[in-house]
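Each chain is listed here by its residues.
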Amino acid sequence: MRPVNEDEQDHIDRWLASHELPGAVDLEVEGIVDRINGIRWRLNRMLDETLAEFGLTDGEWKALTHLQMDGPPHRTSVGKLAQWADLSSGAMTNRIDRLEQAGLVKRVPDPDDRRGVLVELTDTGIRTWEESVSAQAEKESLIASALSEDEKKQLNALLRRLMIEFEKREPQRK
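Model, not experiment: these values are computed from the prediction.

K.L.:
Go over the overall build of the protein with me, naming the residues and quoting the values.
P.N.:
Check the secondary structure of the protein and you find 7 helices and 3 strands. Each helix and strand of the protein, ordered N terminal to C terminal, gives the series α-α-α-β-α-α-β-β-α-α. Here the C-alpha atoms of the protein give a radius of gyration of 21 Å, more than 25% beyond the 16 Å that 2.2 N^0.38 yields for 174 residues. With respect to the three principal axes, the spread of C-alpha positions in the protein is 70 × 35 × 30 Å. Across the protein, the fraction of contacts at a sequence separation of at least 24, relative to all contacts at a separation of at least 6, is 46%. For the protein, the accessible surface area stands at approximately 12700 Å², while carbon and sulfur atoms represent 52% of it. Each charge class in the protein can be summarised by its mean position, and for the 25 positive and 34 negative side chains these summaries are 6 Å apart.

Encoded structure:
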């Protein structure tokens, strides 16, 4: 790794400098991976804090997001939500029950199947989703404020290259 001034060092620089790692470990790569993991952990914690402010769990918020992103009328079946979230229909039903009790979704008859029921966002659900997204975006913008506009673009380009490389190596999803 290139030497970094002491006032520019983070805890990862200090940890790598103070520990003996096997010769095959590329310290630059180790620094990249450790920093990405550290940032991911902090972003997840920040999202959890935001969702707690709105009385939501991550899974509940993702269900609201899925309904919202489907566009008007913001409704789908429990089965489709469960499939999207890779959950059993029973587990998704429990999640929907909690969201319904909070007034964020409601169950409506399926117009195409007399026996079917669809889950639909309520106005409160839409408003809660929008407010939670805005609150999280505000927090994320504070983090990105450490970078100039050019640095943000450069970082995005580098991360995109890493993501493309991962995507090439992953099995294609159906």
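K.L.:
Give me the layout of surface pockets: which residues, what numbers.
P.N.:
Each pocket or cavity is described by its volume, and for the largest pocket that value is around 1200 Å³. Lining of the largest pocket is provided by 22 residues; of these, R35, I36, I39, L155 and L159 occupy positions nearest its centre. For the lining of the largest pocket, the leading source of residues is helix α7 (residues 149-169), giving 10 residues. Among the residues making up the lining of the largest pocket, the classes are represented as 15 nonpolar, 2 polar and 5 charged.

K.L.:
Can you break down the environment of G79 residue by residue, with the values?
P.N.:
Relative to the helices and strands, G79 resides in helix α4 (residues 78-85). For the pair formed by G79 and A17, sequence separation is 62 residues and the distance between their alpha carbons is 51 Å.

K.L.:
Go over a nonpolar patch on the surface, please, and point to the residues and values.
P.N.:
Nonpolar side chains collect at one region of the surface, where V29, I32, V33, I36, L147, L155, L159, L162, M163 and F166 lie side by side and expose about 850 Å² of accessible area between them. Those elements that place two or more of their residues in the nonpolar patch are α2 (27-53) and α7. If you tally residues by element for the nonpolar patch, the top one is α7, at 5 residues. As for its placement among the helices and strands, I36 is situated in helix α2.

K.L.:
Account for the pattern of salt bridges, with residues named and values stated.
P.N.:
Summed over the entire model, instances satisfying the criterion amount to 11 salt bridges. Between D113 and R115 there is a salt bridge whose closest N-O contact spans 3.8 Å. The class of R115 is exposed, set by a relative accessible area of 77%. Taking the shortest distance from any N to any O, the salt bridge between K152 and E149 comes out at 3.0 Å. Separated by 3 residues within a single helix, K152 and E149 lie in helix α7, roughly one turn from each other. Looking at K152, the relative accessible area reads 27%, which means it is partly exposed. The network of salt bridges with common partners includes R75, K106 and E120.

K.L.:
Can you lay out the nonpolar core for me, pointing to particular residues and giving the numbers?
P.N.:
Side chains of a nonpolar character, in soluble globular proteins, are inclined to be buried together. In terms of nonpolar packing, the biggest core is built from 19 residues, with L56, L64, I96, L99, V105 and V119 touching the most fellow members. Contributing elements (two or more residues each) for this core: α2, α3 (58-69), α4, α5 (89-101), β3 (113-121) and α6 (123-144). Considering every element that reaches this core, the biggest residue donor is α3, with 4 residues. In this view, L64 contacts L56, L99, L104, V105, L121 and W129; residues no more than four positions away in its chain are not counted.

What counts as what
Residues numbered from 1 in each chain as written. Predicted model: local features only at pLDDT ≥ 70, side-chain atom pairs only at ≥ 80, totals over all residues. Heavy atoms only, no water. Helix = DSSP H or I, 4+ residues; strand = E, 2+ residues; numbered from the N terminus. Rg over C-alpha atoms; globule rule 2.2 N^0.38 Å. Contact = heavy atoms within 4.5 Å. Areas by Shrake-Rupley, 256 points an atom, 1.4 Å probe, with all protein chains shown as cover. Lys, Arg positive; Asp, Glu negative; His and termini not counted. Charge placed at Lys NZ, Arg CZ, Asp CG, Glu CD. 1 Å grid on protein atoms, 1.4 Å probe; cavity = no way out; pocket = protein on both sides within 12 Å on 5 of 7 lines; lining within 4 Å. Points joined across faces, edges and corners; volume = space filled by probe spheres on them. Nonpolar A, V, L, I, M, F, W, Y, C, P; charged D, E, K, R; others polar. Patch = residues over 30% accessible without salt bridge, like charges linked within 9 Å, V, L, I, M, F, W, Y side chains within 5 Å. Salt bridge = Lys/Arg side-chain N within 4 Å of Asp/Glu carboxyl O. Buried < 20%, exposed > 50% of the residue type's maximum accessible area, 1.4 Å probe, protein only. Core = buried A, V, L, I, M, F, W, Y, C linked by side-chain atoms within 4.5 Å.

Scope: geometric values only; no functional claims are made or implied.
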